[in-house]
Amino acid sequence: MDKIMAENLKNKWIDENPRKPFQHDTVVTWYDLGKMLCVEHNTQKVIFKFLVCEKEYKLYLSFPEIGGVRLYSDFVGFHSARQNKKIEIIKSEKNFIVKSDSKTEVFIKTGDDWRIEILHSGRLVNIIDGRQILLGYDKNNNFTKIKILGKIFKNEVFTGLGERFDSLVRNGRESLLWNYDCIDQLRENATTDRIYSYTNIPLLHSTKGYTLFINSSYAINADIGKKNLNKYYILR
């Protein structure tokens, strides 16, 4: 058993250096989800099919029983909804409206300029389109990384991401979501580098009335308007 564990530790891709918890040596080519092939649906979810890197890539949209809207792929995270609500589809020529028994509904525009609008009580809280989800493929055309981009609206404030040592407000900040015993890092770089934390929680709260849950146990880099005041990105 000890031999097997030692071999697994030797071959794992996570570098124990806290500055390198990603697949940092893997070069990828980024592709957006601009080419939508079709949209299908059943009683509990909507299925989006895209052509990415000469492969079919699927996204699913559902309404978990516990609440909210879930957008996910075949590469699912650790957490899954125990049960999804039944959905109602109102369809026009190129558009869909998806409803459940809650106050949340989703407007879907199909085609190459597709977008998803999430509304609550008739108020728009978020928009997702094909330019905001980027997939990274390595030289062998294997899906390796994902980047999610989002717009920061005027007067919108973000909080969350767990225990932080710089500010409650995340606007203009960068965070590394990777639990790490960071006392030495804080002592050495307390005034210049506070992206590390003991307790990271992948929940990002917006004053526009929504919370983004990043369903991943991998290391995540979250830039909330640091490089660009009007945009945030989540890299996994």
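One can find the structure itself at the top, above this paragraph.
A brief report on the enclosed structure follows. (Residues numbered from 1 in each chain as written. Predicted model: local features only at pLDDT ≥ 70, side-chain atom pairs only at ≥ 80, totals over all residues. Heavy atoms only, no water.)

### Quick word on the overall build of the protein
In terms of helices and strands, the protein carries 2 helices and 18 strands. A burial count over the protein gives 40% of its 236 residues as buried. The long-range share in the protein, meaning contacts at least 24 apart out of those at least 6 apart in sequence, stands at 45%. Accessible surface, the protein as shown: approximately 14200 Å² in total, 51% of it carbon and sulfur. (Helix = DSSP H or I, 4+ residues; strand = E, 2+ residues; numbered from the N terminus. Buried < 20%, exposed > 50% of the residue type's maximum accessible area, 1.4 Å probe, protein only. Contact = heavy atoms within 4.5 Å. Areas by Shrake-Rupley, 256 points an atom, 1.4 Å probe, with all protein chains shown as cover.)

### Overview of the sheet that holds strand β1 (residues 29-32)
If you trace the 6 strands from one edge of the open sheet to the other, you get β1-β11-β12-β18-β17-β14, paired in antiparallel fashion. Both edges of this open sheet fall to β1 and β14 (173-177), since each of them pairs with a single strand only. The sheet shows a mean angle of 20° between the axes of neighbouring strands, taken without regard to direction. Examined bridge by bridge, strand β12 (residues 143-151) and strand β18 (residues 231-235) share 5 bridges and lie antiparallel to one another. Bridge pairing in β18 places Ile148 opposite Ile234. (Pairing = 2+ DSSP bridges. Axes fitted to C-alpha atoms, helices over the stretch in contact; angles between N-to-C directions.)

### Describing the pairing of strand β6 (residues 88-91)
Sheet analysis places β6 next to strand β7 (residues 95-99), joined by 4 bridges and oriented antiparallel. By the bridge assignment, Glu88 is partnered in β7 with Lys99.

### Looking at the sheet that holds strand β15 (residues 200-206)
Ordered in space as β13-β15-β16, the 3 strands form an open sheet in which the pairing is antiparallel. Strand pairing shows two members of the sheet lacking a second neighbour, β13 (158-162) and β16 (210-213), which therefore form its edges. Taken over all neighbouring pairs, the strand axes of this sheet differ in orientation by 20° on average, direction set aside. Bridge count for β13 against β15 is 4 bridges, and the pairing is antiparallel. By the bridge assignment, Phe158 is partnered in β15 with Ser206.

### Quick word on the side chain of Asn200
Counting through the fold element by element, Asn200 comes out in strand β15. Looking at Asn200, the relative accessible area reads 12%, which means it is buried. Separated by 2.8 Å, the side chains of Asn200 and Arg164 make a polar contact. Within polar-contact distance, the side chain of Asn200 engages the backbone oxygen of Trp178 at 3.3 Å. Not counting the four nearest positions on each side in its chain, Asn200 is found in contact with Leu161, Gly162, Arg164, Leu176, Leu177, Trp178 and Asn179. (Polar contact = N/O pair within 3.5 Å; in protein donor to acceptor, adjacent residues only side chain to side chain.)

### A few points about the side chain of Ser100
Inspection of the secondary structure assignment puts Ser100 in the loop between β7 and β8 (104-109). Residue classification places Ser100 among the buried residues on the basis of a relative accessible area of 15%. Residues within four places of Ser100 in sequence aside, it is in contact with Phe63, Lys85 and Lys86.

### Topic: the pattern of salt bridges
Inspection of the entire model under this criterion finds 8 salt bridges. Here Lys99 makes a salt bridge to Glu105, at a shortest N to O gap of 3.9 Å. Classification of Glu105 as partly exposed rests on a relative accessible area of 24%. Two residues, Lys109 and Asp113, come together in a salt bridge whose shortest N-O distance is 2.9 Å. (Salt bridge = Lys/Arg side-chain N within 4 Å of Asp/Glu carboxyl O.)

### Comments concerning the pairing of strand β17 (residues 220-224)
Of all 5 residues in β17, 5 are buried; the element is thus mostly enclosed. Side chains of β17 alternate between two faces, with Ile220, Ala222 and Ile224 and Asn221 and Asp223 buried alike. Where β14 meets β17, 5 bridges bridge the pair, whose relative direction is antiparallel. From the neighbouring strand, Leu176 faces β17, where its bridge partner is Asn221. Where β17 meets β18, 4 bridges bridge the pair, whose relative direction is antiparallel. In the sheet register, Ile224 faces β18, and the bridge partner there is Tyr232.

### What to know about a nonpolar patch on the surface
On the surface, a nonpolar cluster with roughly 240 Å² of combined accessible area is contributed by Ile201, Leu203 and Phe213. Overall, the relative accessible area of 41% leaves Phe213 in the partly exposed class. (Patch = residues over 30% accessible without salt bridge, like charges linked within 9 Å, V, L, I, M, F, W, Y side chains within 5 Å.)

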